[in-house]
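# Commentary on secondary and tertiary structure
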Amino acid sequence: MLIDTHCHLDFADFEAERDEIVRRAHDAGVKQMVTISTRVRKLDTLLAITGKYPSVFCSVGTHPNNADEELDIPAEELIRLANAHEKVVAIGEAGLDYFYDTQKPEDQKTGLLRHIEAARETKLPLVIHSRSADEDMAAILTEETGKGAFPFILHCFSAGADLARTGVELGGYISFSGILTFPKSQELRDIAATIPHDRLLVETDAPYLAPKRWRGKRNEPSYVVNTAEVLAETLGLSYAEMAAITTDNAFRCFSKMPRI
Ligand SMILES: [Zn+2]
Ligand SMILES: [Zn+2]
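To keep things clear, this report deals only with the structure shown in the data block. (Residues numbered from 1 in each chain as written. Chains lettered and ligands numbered in written order. Predicted model: local features only at pLDDT ≥ 70, side-chain atom pairs only at ≥ 80, totals over all residues. Heavy atoms only, no water.)

## Some remarks on the overall build of the chain
For the record, the criterion: In this text, helices come from DSSP runs of H or I with a minimum length of four residues, and strands from runs of E with a minimum of two, each type numbered from the N-terminal end. Between the two quantities, the radius of gyration covers C-alpha atoms and the globule rule is 2.2 Å times the number of residues to the power 0.38. For every residue, the accessible area (1.4 Å probe, protein chains only) is compared with the maximum for its type, and the residue is labelled buried under 20%, exposed over 50%, or partly exposed between those bounds. Working rule for contacts: check all heavy atoms of both residues, and any pair within 4.5 Å makes them a contact. For every accessible area listed, the method is Shrake-Rupley and the probe measures 1.4 Å; residues are considered covered only by the protein chains on display. When charges are counted, neither His nor the chain ends are considered; positive counts come from Lys and Arg and negative counts from Asp and Glu. Lys charges are placed at NZ, Arg charges at CZ, Asp charges at CG and Glu charges at CD.
The number of helices and strands found in the chain is nine helices and eight strands. Since a compact globule built from 260 residues should have a radius of gyration of about 18 Å, the 17 Å found for the chain is in line with a globular shape. Over its C-alpha atoms, taken along the principal directions, the chain stretches across nearly 45 × 40 × 30 Å. For the chain, buried positions account for 58% of its 260 residues. In the chain, 73% of the contacts between residues at least 6 apart in sequence involve partners at least 24 apart. By element, 50% of the accessible surface of the chain is carried by carbon and sulfur atoms, the whole surface being about 10800 Å². Side-chain charges in the chain split into 29 positive and 40 negative, and the spacing between the mean points of these groups amounts to 4 Å.

## Details of the pattern of salt bridges
Worth spelling out the cut-off: For salt bridges, the criterion is a side-chain nitrogen of Lys or Arg within 4 Å of an Asp or Glu carboxyl oxygen.
Going through the model one piece at a time under the given rule, you end up with 18 salt bridges. With its nearest N and O atoms 3.1 Å apart, the salt bridge here joins Lys 52 to Asp 19. Note that Lys 52 is positioned in helix H2 (residues 43-52) and Asp 19 in helix H1 (residues 18-27), a separation of 33 residues in sequence. A salt bridge links Arg 165 to Asp 162; the nearest nitrogen and oxygen atoms lie 3.0 Å apart.

## Observations regarding the nonpolar core
Which entries qualify depends on this criterion: Take the buried Ala, Val, Leu, Ile, Met, Phe, Trp, Tyr and Cys residues and link them wherever side-chain atoms come within 4.5 Å; each set so joined is a nonpolar core.
One finds Val 60, Leu 126, Leu 154, Phe 157, Phe 176 and Leu 231 to be the most contacted residues of the largest nonpolar core, which totals 69 residues. The element contributing the most residues to this core is helix H8 (residues 224-235), with seven residues. Excluding residues within four positions of it along the chain, Leu 231 makes contact with Phe 176, Leu 180, Ala 192, Leu 200, Val 202, Met 242 and Thr 246.

## Notes on the packing of aromatic side chains
Condition: Two rings belonging to Phe, Tyr or Trp (six-membered ring only in the last case) form a pair when the distance between their centres is within 6.5 Å. Interplanar angles under 30 degrees mark stacking, angles over 60 mark edge-to-face geometry, and anything in between is tilted. In our convention, an over-ring charge means Lys NZ or Arg CZ found within 6 Å of a ring centre and within 35 degrees of that ring's normal.
The full count for this structure, using the stated rule, is five aromatic pairs. Between Phe 157 and Phe 176, the aromatic rings sit 6.2 Å apart at their centres with planes inclined by 70°, giving edge-to-face as the arrangement. In this pair, Phe 157 sits in the loop between strand E6 (152-154) and helix H6 (161-169) while Phe 176 sits in strand E7 (residues 173-176), placing the two residues 19 residues apart along the sequence. With respect to class, Phe 157 is no different from Phe 176; both count as buried. Measuring from ring centre to ring centre gives 4.0 Å for Trp 214 and Tyr 223, while their planes differ by 5°; the resulting arrangement is stacked. The class for Tyr 223 is buried, based on a relative accessible area of 7%. Stacked on the ring of Phe 99, the Lys or Arg Arg 131 has its end atom at 3.6 Å from the ring centre. Here Arg 215 stacks its cationic end above the ring of Phe 182, 3.6 Å away from the centre of that ring.

## Remarks on the environment of Leu 96
Residue placement: Leu 96 occurs in strand E4 (residues 88-97). Of the residues examined, Leu 96 reaches a relative accessible area of 0% and is grouped as buried. Sequence separation between Leu 96 and Met 137 is 41 residues; the distance between their C-alpha atoms is 7.2 Å. Sequence-distant contacts of Leu 96, that is, excluding residues within four places in its chain, are made with Pro 64, Gln 108, Lys 109, Leu 112, His 129, Ser 130, Arg 131, Ala 133, Asp 136, Met 137 and Ile 140.

Now the structure itself:
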């Protein structure tokens with residue numbers, strides 16, 4: 001079995017066929033998935049979805065590209081919501097996205113620090129979105145971990161080797177998406193080969209970034225199989241070994257998520 005540790009099942013792309021998408025995931029061996037929050041104020045939508053599907057869990061947080069919309073939400077509110085709902089198993093996604101310059105770096109950082117505080121307090125993993133921000137992210141993670149450890153995931157990892165190394169040294173998990181499968185991603189596969197096995201996760205980030213086999217199509221949780229295949233090949237492991245490793249890691253990392 002596999003777990004898709006990062007998808008966005010609330011997005012409009014999935015509205016009409018969510019039942020089939022969850023069923024196709026199960027049929028492909030993707031037995032559980034975590035649908036990731038991008039706005040705290042839309043948590044009710046995620047809770048409605050997780051309430052409908054026993055195998056779907058969620059997070060709570062503000063995507064860095066929405067940072068200015070939720071600067072009024074303190075860490076205490078993230079903590080309260082995470083503790084109030086059984087299906088909330090992670091904090092985020094939060095982070096730094098300097099690729100799109102729609103949000104001020106200060107606002108993104110303010111949001112990120114609140115999410116770190118919430119992860120430290122709840123002990124739920126922080127789902128980190130980091131794009132074109134390797135140095136700032138490494139500096140913040142190093143400094144904040146120094147104040148008190150918190151579990152975290154560098155999601156949809158596509159950054160450089162230095163950030164991967166820092167993430168691993170600080171106790172984090174590295175999650176690979178369909179980007180790993182693209183022909184031009186050899187450098188990323190080289191980085192993946194250096195990550196300790198007990199820190200590897202797989203995800204789709206659906207509806208974005210369909211892996212190679214379905215390139216150009218709308219992504220969905222069942223497609224995480226292709227990423228796990230390529231990760232297995234990269235590490236010289238069998239698919240079954242890779243599935244077992246990433247699934248064990250997912251349950252250790254998302255410690256509040258039960259095995260269904
Ligand atoms: Zn992201
Ligand atoms: Zn995402």
